[in-house]
Amino acid sequence: MPAAAAAAPDPDLPLSAALEAALLRVLRASYAAIAEERFGDALTPAVLILGDAPRRLGRWTPGLRTLELSRPLVRRRPWPEVLAVLEHEMAHQFVDEVLGVADEPPHGPTFRAVCRARGIDARAAGEPIAATVAADSVGDRVLDRIRKLLALATSDSQPEAELAMRRAHELMLRHNVDATAARAAARDDEPGYEVRHVGEPGKRTNRVEQDVVGLLAEFFFVKVIRVPVYLPERGAVGAVYELAGTRANLELAVHVYGFLLDTAERLWRANRGDARVRTGRDRLSYQAGVIRGFREKLAAERTTLRETGLVWRGDRQLDAFYRARHPRIHTRRRRVRVDAAHAAGREAGQRVVLHRPVGGGGAASARPPRRLTGG
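So, a few notes on the structure that sits alongside this text. Fair warning: this is a prediction, and the values are worked out from it, not measured in the lab. (Residues numbered from 1 in each chain as written. Predicted model: local features only at pLDDT ≥ 70, side-chain atom pairs only at ≥ 80, totals over all residues. Heavy atoms only, no water.)

## Quick look at the pattern of salt bridges
Thinking step 1. Under the counting rule described, the total for this entry stands at 23 salt bridges.
Thinking step 2. The salt bridge partner of arginine 183 is aspartate 315, with a shortest N-O separation of 2.8 Å. Of the two residues, arginine 183 is situated in helix α6 (residues 158–186) and aspartate 315 in the loop between α9 (283–307) and α10 (316–325); the sequence distance between them amounts to 132 residues. Summarising the burial analysis for this pair, arginine 183 and aspartate 315 share the class buried.
Thinking step 3. In this structure, the salt-bridge partner of arginine 247 is glutamate 251, at a minimum N-O distance of 3.6 Å. In this pair, arginine 247 and glutamate 251 are both assigned in helix α8 (residues 247–270), four residues apart and thus about one turn of the helix distant. (Salt bridge = Lys/Arg side-chain N within 4 Å of Asp/Glu carboxyl O. Helix = DSSP H or I, 4+ residues; strand = E, 2+ residues; numbered from the N terminus. Buried < 20%, exposed > 50% of the residue type's maximum accessible area, 1.4 Å probe, protein only.)

## Section: unusual backbone geometry
Thinking step 1. Even without being a glycine, arginine 65 presents a positive backbone phi close to 60°.
Thinking step 2. Tracing the chain through its elements places arginine 65 in the loop between β2 (58–61) and β3 (66–70).
Thinking step 3. On the accessibility criterion, arginine 65 (23% relative accessible area) is partly exposed.
Thinking step 4. Despite not being glycine, phenylalanine 221 has its phi angle at roughly 60°, a positive value.
Thinking step 5. Examined against the element boundaries, phenylalanine 221 turns out to sit in the loop between α7 (207–219) and β5 (223–231).
Thinking step 6. Take phenylalanine 221: its relative accessible area is 6%, and that puts it in the buried class.

## Brief notes about the side chain of glutamine 287
Thinking step 1. Secondary-structure assignment places glutamine 287 in helix α9.
Thinking step 2. By relative accessible area, which is 4% here, glutamine 287 ends up buried.
Thinking step 3. Once residues lying within four places of it in the same chain are set aside, the contact partners of glutamine 287 are Val208, Ala264, Glu265 and Trp268. (Contact = heavy atoms within 4.5 Å.)

## Quick notes on the nonpolar core
Thinking step 1. Residues Leu215, Phe220 and Tyr286 are the most contacted members of the largest nonpolar core, which totals 51 residues.
Thinking step 2. Setting aside residues up to four positions removed in sequence, phenylalanine 220 forms contacts with Met172, Leu215, Asn249, Leu252, Val256, Leu298 and Leu354. (Core = buried A, V, L, I, M, F, W, Y, C linked by side-chain atoms within 4.5 Å.)

## Quick look at the packing of aromatic side chains
Thinking step 1. What the rule picks out here adds up to five aromatic pairs.
Thinking step 2. The interplanar angle of 45° and the centroid separation of 5.6 Å between the aromatic rings of tyrosine 193 and phenylalanine 321 together place this pair among those described as tilted. Of this pair, tyrosine 193 sits in the loop between α6 and β4 (194–198) while phenylalanine 321 sits in helix α10, placing them 128 residues apart in sequence.
Thinking step 3. Residue classification places tyrosine 193 among the buried positions, given a relative accessible area of 10%.
Thinking step 4. Between the aromatic rings of phenylalanine 221 and tryptophan 312, the centroid separation amounts to 4.7 Å while the plane-to-plane angle is 85°, which identifies the pairing as edge-to-face. One end of the pair, phenylalanine 221, is in the loop between α7 and β5; the other, tryptophan 312, is in the loop between α9 and α10, with 91 residues separating them in the sequence.
Thinking step 5. On the accessibility criterion, tryptophan 312 (26% relative accessible area) is partly exposed.
Thinking step 6. Note that arginine 226 overlies the ring of tyrosine 241, its terminal NZ or CZ placed 4.8 Å from the centroid. (Phe/Tyr/Trp six-rings, centres within 6.5 Å; stacked < 30°, edge-to-face > 60°. Lys NZ or Arg CZ within 6 Å of the ring centre and 35° of its normal.)

## Remarks on the environment of glutamate 170
Thinking step 1. Of note, glutamate 170 is situated in helix α6.
Thinking step 2. Exposure remark for glutamate 170: the relative accessible area of 30% places this residue in the partly exposed category.
Thinking step 3. Each C-alpha atom of the pair glutamate 170 and leucine 305 lies 7.2 Å from the other, and the pair is 135 residues apart in sequence.
Thinking step 4. The contact partners of glutamate 170, leaving out residues within four places of it in the chain, are Leu305 and Leu310.

Right, dumping it as structure tokens:
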């Protein structure tokens, strides 16, 4: 009889003394790494403490020189959000102790400039709720139109579905070309980029997931990097993918991430009768082929759009935001094994039509951004 699966840790129960001590050690190490990377070792180490305030995520207290993080934050929210609050409070410490600014509001111009230069989230308002953007913003209106086109892409008619997807691709490209040019012309110092995190932190990544996030970076106007995370309940280290971009682009990218992983798995199950798929060991090769085939389809569409004069030249402001967040970026090359199973998946991927409304489903592992409640 198979053993029962281990129950998930209860975040409402206190950590053991050993796990809380390990957590504080990791937080101290994170503080030291952030201090070196973002502040040039200008900070004198603060005293890190954990508090129980449910609505205050973090607080820098100058007189006591304490940097407090909320236990509910650390226990219940993803680790990237914990580090975001830690960075936010360290920025308060930097403004207070290094710059000596005392005649501005806590989140005044100096604080925002410090955060902007270092890729730190400077937002702070009220209780920790999901960040909101005006419903009538241009990005929201475009995203709503893309939702409608992707809903049309569920048509039983393959030509109609393909046309709806191509129109969504063109609309998304045109919007980003225009919006990027407008931000650059306006010299907007705070373009409003956000981050999202996708993936299961306790699981190892695989070639399929790597291909999906690579496709997002190539065609969906986001920057992607794999970042380490700490799992306090287990005292273990994992990793997730961080996506950076505008809110509308992130909404779409998160949807595509979930859609493609689900589609690759569905096509694998549906095509086990293909003679080129021999054993279960071909699963990852087949699914990687699905992603490759879909990528080639998008690349062909992008080439056609380029011939009409619609050319994507990148987003320098997003590149700067990404580099400020991750000044030490390491890239790795990997070899791709191409075999019969991969070829079968590639053929299937070239017939995939991206569909379903964005929002309300898909990519359940992605979490919305949170506002920071700071000192």
